[in-house]
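Read off the chains here:
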Number of protein chains: 2
Amino acid sequence: MTYSDKLINYYETVARECVLGLSLDCVIFGFHDTRLKVLLVRWRGTKEWCLPGGFIYKTESVDAAAGRVLYERTGLTQLFLQQFHLFGDAVRYDVENTWQRQKMPMPFGSGTWPSRTISMGYYALVDYTKVTPTADFLSDECDWFDVFELPSLLYDHRQIINVALKTLRLQLNWQPIGLNLMPEKFTIPELQRLYEAVLGRPLDARNFHKKISSLSILTRLNERRTGGAHKSPYLYQFDLTNYQKALVNGNLIFV
Amino acid sequence: MTYSDKLINYYETVARECVLGLSLDCVIFGFHDTRLKVLLVRWRGTKEWCLPGGFIYKTESVDAAAGRVLYERTGLTQLFLQQFHLFGDAVRYDVENTWQRQKMPMPFGSGTWPSRTISMGYYALVDYTKVTPTADFLSDECDWFDVFELPSLLYDHRQIINVALKTLRLQLNWQPIGLNLMPEKFTIPELQRLYEAVLGRPLDARNFHKKISSLSILTRLNERRTGGAHKSPYLYQFDLTNYQKALVNGNLIFV
DNA sequence: GCAAAAGTGTTGTGATTACACCCATGC
DNA sequence: GCATGGGTGTAATCACAACACTTTTGC
């Protein structure tokens, strides 16, 4: 059985068992080395990348389907995962061009397969250090990219990432961004780098420290991060109880 | 041809021409007599109400489909219309119970019709005075209801309205709520009633007046609203240029 | 005249911003 | 010892919340 046959077989299975005409695209954000990252997969046999995505089983909730896609690519469960936009334009991208770039028999126009696909966008925030990027049946590779240095993307996925980033910025104050993107232990300057990476502008270290401290959402550990050619910063971890309270009160403001 | 036959015919047409398994529900907010209103339709031959909704033609954008549904129920075009949530639980409501309450042959389980429906929620803000509520093929009646005094609703539509209201409250500061819900000319106390209706709590008249004035988004007209047994308030209208600026700056804050 | 709502200003408080120096570490 | 980044406090400004009385109108 050639890969091409397998692919056709795959689309037949999807057409039988999944909701037709609706798909998911997941923008998975991570944070590493002062940069905001996004997880992409490389389409099999090509140099084209795209967002991890998938279909929804007929008896599965849409949120659960998004969780499943994320688990398959990252190995993580219980992620921070959130709807952000339904991409439903009548013509979202150049189907012909995309088909050629994917170098694969695509099911478009086959009768059972719809000629256009509506896609629900989810974004996820994950701890970069805990992710094991894993390719799937349709892809050769799965890897992180700097959100400001993206490769050539299939479909309208660049636009989807832009909308996700815009949403992330708006929700920075109301959502547990730090909690989900940082590793368990981290320093305050590292957390500041995350906020700076998301907002795209520098923040004042003293004001950041003061603000974070005033929220009582962090616990200082009796450990320091050593190795840098400078004063060793303290390590912190989130105080979950107080973090929840601060979120409910909408106090996490860095606009 | 009986109505029942027509209904079956309708669902067959939808199955042929529309995206299957995905529908729209529109929460249309209006403001009248100091109360926040929502537009509902009464299911034909029953006392059950539900949100105006519809399906998406295969070649139509989802946003355009929502605009179409709204036009059909209100007669308005160019409405403020916004996605707010995708309702995609595997089991959203008791299908059997709903079917009985609708007293109609429903297409569920007919083979071509999917056994579950995912629904995209849109909310719209409209000028109550300009709306002509119009029933459709599936409904006997279309009318406004106080958002806090809703009748018995089909499906999970009460929950959808709750989510829409929550979204509206969150977006009160960032979206042109007043511009879309108020008639062309209005008084500042009337605008204050709208904010109070959305937020569900009273606001201080002096602070409200001061805040609104400081934004320079209103133009005072040389007219007053007469007829009340009290001092006649000035009429105002929105200064669109400055309104847009204030929105971009995120200044419209009444949290 | 009287009831009902409109219109208006000041003050206190809390949050945000701007800003500069010393300290610890690795090399 | 020196370069690098970490850690810390104060003062000015701004936005928001609390608060009371006079004016206008219809009846």
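Residues numbered from 1 in each chain as written. Chains lettered and ligands numbered in written order. Predicted model: local features only at pLDDT ≥ 70, side-chain atom pairs only at ≥ 80, totals over all residues. Heavy atoms only, no water.

## Some points on the domain arrangement of chain A
All names here are of chain A. In terms of domains, chain A is made up of domain 1 (3–171) and domain 2 (179–249). Between the C-alpha centres of domain 1 and domain 2 the distance comes to 31 Å. In this assembly, 15 residues from domain 1 lie in contact with 12 residues from domain 2. Buried area between domain 1 and domain 2, summed over both chains or domains, comes out near 1100 Å², and the portion from carbon and sulfur atoms is 67%. Summed over the three residues of domain 1 that lose the most area to domain 2, namely Phe 31, Asp 127 and Arg 169, the buried surface amounts to 47% of that side. Linking Glu 184 and Lys 130 is a salt bridge whose minimum nitrogen-to-oxygen distance equals 3.9 Å. Linking domain 1 with domain 2 are 2 residue pairs in polar contact (both at pLDDT 80 or more). (Domains from an automatic or database assignment. Contact = heavy atoms within 4.5 Å. Buried area = accessible area lost by both parts, 1.4 Å probe. Salt bridge = Lys/Arg side-chain N within 4 Å of Asp/Glu carboxyl O. Polar contact = N/O pair within 3.5 Å; in protein donor to acceptor, adjacent residues only side chain to side chain.)

## A word on the protein's contact with DNA strand C
Lining the immediate environment of DNA strand C, one finds 20 residues, of which Arg206(A), Gly228(A), Lys231(A), Pro189(B) and Arg206(B) sit closest. The protein-proximal atoms of DNA strand C, defined as those within 4 Å of the protein, are 43% sugar or phosphate. Here a sugar or linking oxygen of DNA strand C sits 3.1 Å away from a polar atom, N or O, in the main chain of His230(A). His209(B) has a polar side-chain atom sitting 3.3 Å from a phosphate oxygen of DNA strand C. Contributing elements (two or more residues each) for the surface near DNA strand C: helix H7 (205–215) of chain A together with helix H6 (188–199) and helix H7 (205–215) of chain B. A per-element tally of the surface near DNA strand C places H7(A) first, with 4 residues. Here the surface near DNA strand C is built from residues that sort into 5 nonpolar, 6 polar and 9 charged. (Near = heavy atom within 4 Å. Helix = DSSP H or I, 4+ residues; strand = E, 2+ residues; numbered from the N terminus. Nonpolar A, V, L, I, M, F, W, Y, C, P; charged D, E, K, R; others polar.)

## Quick notes on the packing of aromatic side chains
Here the structure, examined in full by the defined rule, presents 26 aromatic pairs over all chains. Arranged with centres 6.0 Å apart and planes meeting at 70 degrees, the rings of Phe84(A) and Phe87(A) form a pair that is edge-to-face. Of the two residues, Phe84(A) and Phe87(A), neither departs from the other in class, the shared state being buried. Across the ring face of Tyr3(A), the terminal group of Arg44(A) is positioned such that the distance to the ring centre comes to 3.7 Å. Over the face of the ring belonging to Tyr234(B) we find Arg220(B), whose NZ or CZ atom lies 3.5 Å from the ring centre. (Phe/Tyr/Trp six-rings, centres within 6.5 Å; stacked < 30°, edge-to-face > 60°. Buried < 20%, exposed > 50% of the residue type's maximum accessible area, 1.4 Å probe, protein only. Lys NZ or Arg CZ within 6 Å of the ring centre and 35° of its normal.)

## Let's talk about the protein's contact with DNA strand D
Surrounding DNA strand D, one finds 20 residues, the nearest of these being Arg206(A), Ala229(A), His230(A), Arg206(B) and Lys231(B). Lys210(A) is positioned with one of its side-chain polar atoms (N or O) 3.0 Å from a base oxygen of DNA strand D. For DNA strand D, a base nitrogen lies 3.2 Å from a polar atom in the side chain of Lys210(B). For the surface near DNA strand D, the elements supplying multiple residues, two or more each, are helix H6 (188–199) and H7 of chain A together with H7 of chain B. Looking at the surface near DNA strand D residue by residue, the classes come out as 5 nonpolar, 6 polar and 9 charged.

## Details of the packing of H6(A) against H7(A)
All names here are of chain A. Axis separation between H6 and H7 bottoms out at 10 Å; the angle between their running directions is 105 degrees. Overall, the two elements H6 and H7 adopt an arrangement that is roughly perpendicular. Across the interface between the two elements, Ile 188, Leu 191, Gln 192 and Tyr 195 from H6 touch Ala 205, Phe 208, His 209 and Ile 212 from H7. Residue composition of the contact of H6 with H7, by class: 6 nonpolar, 2 polar and no charged. (Axes fitted to C-alpha atoms, helices over the stretch in contact; angles between N-to-C directions. Parallel < 35°, antiparallel > 145°, perpendicular 65-115°, else oblique.)

## Overview of the side chain of Ser139(A)
All names here are of chain A. As for its position among the elements, Ser 139 is in strand S7 (residues 139–146). Reaching out from Ser 139, the side chain makes a polar contact with the side chain of Asp 136 at a distance of 2.4 Å. Contacts of Ser 139, omitting those with residues within four sequence positions, involve Val 41, Arg 42, Trp 43 and Arg 44.

## Let's talk about the nonpolar core
Most often, soluble globular proteins have nonpolar side chains that are buried together. One finds Leu24(A) and Leu24(B) to be the most contacted residues of the largest nonpolar core, which totals 76 residues. Excluding anything up to four places from it in sequence, Leu24(A) contacts Pro52(A), Gly53(A), Gly54(A), Ile56(A), Val62(A), Ala65(A), Ala66(A), Val69(A), Ser119(A), Met120(A) and Tyr122(A). Counting 44 residues, the second-largest nonpolar core is a separate cluster that includes Val27(B), Leu150(B), Ile217(B) and Leu218(B). (Core = buried A, V, L, I, M, F, W, Y, C linked by side-chain atoms within 4.5 Å.)

## Points about the interface of chain A and chain B
At the interface, 19 residues of chain A touch 19 residues of chain B. Taken together, the two surfaces of chain A and chain B that pack against each other cover about 1500 Å², and 61% of this comes from carbon and sulfur. If you sort the residues of chain A by the area they bury against chain B, Gln83(A), Leu86(A) and Arg116(A) come out on top, with a joint share of 30%. Linking chain A with chain B are 0 salt bridges. Inspection of the chain A/chain B interface yields 12 residue pairs in polar contact (both at pLDDT 80 or more). By residue class, the composition of the side of chain A that touches chain B is 10 nonpolar, 5 polar and 4 charged.

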